[in-house]
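# Structure assessment
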Amino acid sequence: MLFSYFTKSLLRIKALWGWGVLFMVFYLVLGALVFGNELPKNLPVYAYVSYTSSWYALINLYTLSSLAISISNSIMFATYSLSYCFRFTRLKPMSYLLNFVLSSIIVGLTMSSAIMISTYGLFSYQFNMNLAPANLLFIAGTLVLSSIFMFAFSTLLVLLLINYLGLRNQSFISFIPLLLGFGFGFGQLYLSLPTLLLYASPFTAAIGLLYHGYSGLSVPVTLAIGLDNGSLDVNYLIISLASWAAILLLIDSYFLSRIKPRMIEEMRQI
Amino acid sequence: MQHIFMLEIKDLIVSYGRRSILKNIRLELEYGEKVAIIGPNGSGKSTLIKAVLGIAPISGGYVKIFNFDVKNLKNELRVSANLPELYRLFNANIKDLFKVFSMLKEVDEAAYFNLCNYFDLDDILDKRMHELSAGQVKMFANIMALAPNPKLLLLDEPFENVDQTKRIKLIRILQNFKESIILVTHELEILRKFPEWNLYFVLEGQLYGPFKVSDMDDLYLSKGIKENALMTIQTSIGIFSITKEIGEVALKYATNFNQVIEEVA
């Protein structure tokens, strides 16, 4: 039942809504109303669908990464408490993680709904056609997997920081999920990355699956140029993302059970 | 058959970096035994509580609770402590923290709320920890430690910043508490309320004792090695002797241990 308290606490973080939703909606406004103007008016419908889905997939992943960063950072404030709780209460590392995973899914789906509705409204308005998501259930499933992966990945980075590197390096570690999201996102958008890398990377897998869910189209190797460079198998993308999420959660559980109590003062830079 | 202590600390060394905070600590606690540990600020009292909880870096020796090494202990519900940082599991108000920890400790949540009411602290329920005064934080942590009615209760300066009426109420609870307690403090005055308890001194990370709290008013601290010394204490500012009935600084006139050390040094 911890997840209900975590969720309540997360939903009250104004910065999360600011950076994770409002700032991302600002990007969508740019994608639809500014960059969207550069698209020729007489393209086939699937081109607009593909353009919209690419924006949606990238932006929603960034939303989830800002959520994951907020959640995992909160672990840094609880190192003494966790160390005590695993020894002297019935809390177990995996149950703590699963409660956080559940609240991260709930909050992730809530925030993503705002992103999806904004995408639908802005891009439909810009291109004057109905650009509704093709498969809501598939998107929901992908968001669940992506939320788990992003949470597990950010948590791993934070646990490495707590147990080995020291909290002073916190500001560097916090941006890694976002940086990787940007790197892989724009790589998949404009470059012809090796297929193996696209399958192996959980970031590109998540983007590909969100693209597929929104557009209902095959996932191109290079999002910006359509299927000319070939397409990706959705099943492999699902297996990749799910495997990453599961493996990282297991690793998190191992490091969490050995969490080192740290004074939060260590985070001070000056 | 080997005797099993509730708590067994043997040759314990706790170090932060190169600096040893606790040195070769030995302490054995029987079931139901109550111990007060007194020492000046910075002597390692709180670190000792943290070491017992397994949250201080133990670099030598061991701490065993119910015969299990604290380093490997998991889900042991019979121990609780009053360090506020133990309860910062997430950013919630006090009411929610009571509910969550009652669940995690498998205790009826009424135990937390009743204690809160007994201490006249109902106004803190909707506040978060960072919104509380120092005294309120201490009382919140005391409630978190007391509510599960643990077999081993660890209290770090439980009276610090606490007002007089709450002190009296807390003293009454501790006087009637049936299980084992380790209480660390620098306040000598308050200890006189627990004459039956065993007493240890901690100075520069070393533990000296046991004595009885009831004998405290007959004890003196003197500089150097005295012939009639019950025990000698080696510190970086010299050697001191604990003597009975005669000596340089009588503990009975002191209110806190910092003052004793200043006077005798």
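The written sequence of each chain sets the order in which its residues are numbered from 1. The lettering of chains begins at A and the numbering of ligands begins at 1, in the order of writing. Only residues with pLDDT of at least 70 get local features here, since the model is predicted, and only at 80 or more are side-chain atom pairs given and counted; chain-wide, interface and lining totals rely on the full set of residues. For the side-chain quantities, the full set of heavy atoms in the structure was used; hydrogens and water were omitted.

## Section: the overall build of chain A
To qualify as a helix, a DSSP run of H or I must reach at least 4 residues; to qualify as a strand, a run of E must reach at least 2; elements of each kind are numbered from the N terminus. Helices and strands together make up the secondary structure of chain A, namely 11 helices and 2 strands. By the compact-globule yardstick of 18 Å for 270 residues, chain A fits well, its C-alpha radius of gyration being 19 Å. Taken along its principal axes, the extent of the C-alpha atoms in chain A is 65 × 40 × 35 Å. Only protein chains enter the area calculation, which uses a 1.4 Å probe; residues under 20% of their type maximum are buried, those over 50% are exposed, and those in between are partly exposed. Residues counted as buried form 56% of the 270 residues belonging to chain A. When contacts within chain A are restricted to residue pairs at least 6 apart in sequence, long-range pairs at least 24 apart make up 80% of them. Each accessible area is a Shrake-Rupley result for a 1.4 Å probe, and residues are judged covered by the shown protein chains and nothing else. With an accessible surface of roughly 11500 Å², chain A has 70% of that area assigned to carbon and sulfur atoms. Charge centroids of chain A, computed over 12 positive and 6 negative side chains, lie 19 Å from each other. Radius of gyration here is computed from C-alpha atoms only, and the compact-globule reference equals 2.2 Å multiplied by the residue count raised to the power 0.38. Contacts are assigned to residue pairs with any non-hydrogen atoms lying within 4.5 Å of each other. A positive count includes Lys and Arg, and a negative count includes Asp and Glu. His and the chain ends are not counted in either. Note on charges: their place is set at NZ of Lys, CZ of Arg, CG of Asp or CD of Glu.

## Here's the deal with the interface of chain B and chain A
Chain B puts 32 residues into the contact, and the matching count from chain A is 24 residues. Between chain B and chain A, roughly 2400 Å² of surface is buried when both sides are summed, and carbon and sulfur atoms account for 60% of that area. Considering only the surface of chain B that becomes buried against chain A, Asn-75, Leu-89 and Leu-104 of chain B emerge as the three largest contributors, covering 25% of it. Only one rule defines a salt bridge in this text: a Lys or Arg side-chain nitrogen within 4 Å of an Asp or Glu carboxyl oxygen. Summed over the shared surface of chain B and chain A, the result is 2 salt bridges. With a closest N to O distance of 3.6 Å, Arg-90 of chain A and Glu-106 of chain B form a salt bridge. Those elements giving two or more residues to the side of chain B that touches chain A turn out to be α1 (45-53), β6 (79-81) and α2 (94-104) of chain B. Here the element with the most residues in the side of chain B that touches chain A is α2 of chain B; it accounts for 6 residues. Split by residue class, the side of chain B that touches chain A holds 17 nonpolar, 4 polar and 11 charged. Joining two parts hides part of their accessible area as seen by a 1.4 Å probe, and the buried area is that hidden amount summed over both. Charged residues are taken to be Asp, Glu, Lys and Arg, nonpolar residues to be Ala, Val, Leu, Ile, Met, Phe, Trp, Tyr, Cys and Pro, and polar residues to be all remaining types, Gly included.

## As for the pairing of strand β7 (residues 152-156) of chain B
All names here are of chain B. In terms of residue burial, β7 counts as a mostly covered element, since 5 of its 5 residues are buried. Burial along β7 is two-sided: Leu-152, Leu-154 and Asp-156 facing one way and Leu-153 and Leu-155 facing the other are all buried. Being paired, for any two strands, means DSSP has found at least two bridges between them. For β6 and β7, the ladder comprises 3 bridges, and the chain directions are parallel. Bridge pairing links Ser-80 to Leu-153 in β7. Bridging between β7 and strand β8 (residues 180-185) involves 5 bridges; their strand directions are parallel. From the neighbouring strand, Leu-153 faces β8, where its bridge partner is Ile-181. Considered for its hand, the β-α-β crossover made up of β7, helix α5 (residues 164-176) and β8 is right-handed. By convention, a crossover is right-handed whenever its connection, traced from the first strand over the helix to the second and viewed with the strands pointing away, goes clockwise.

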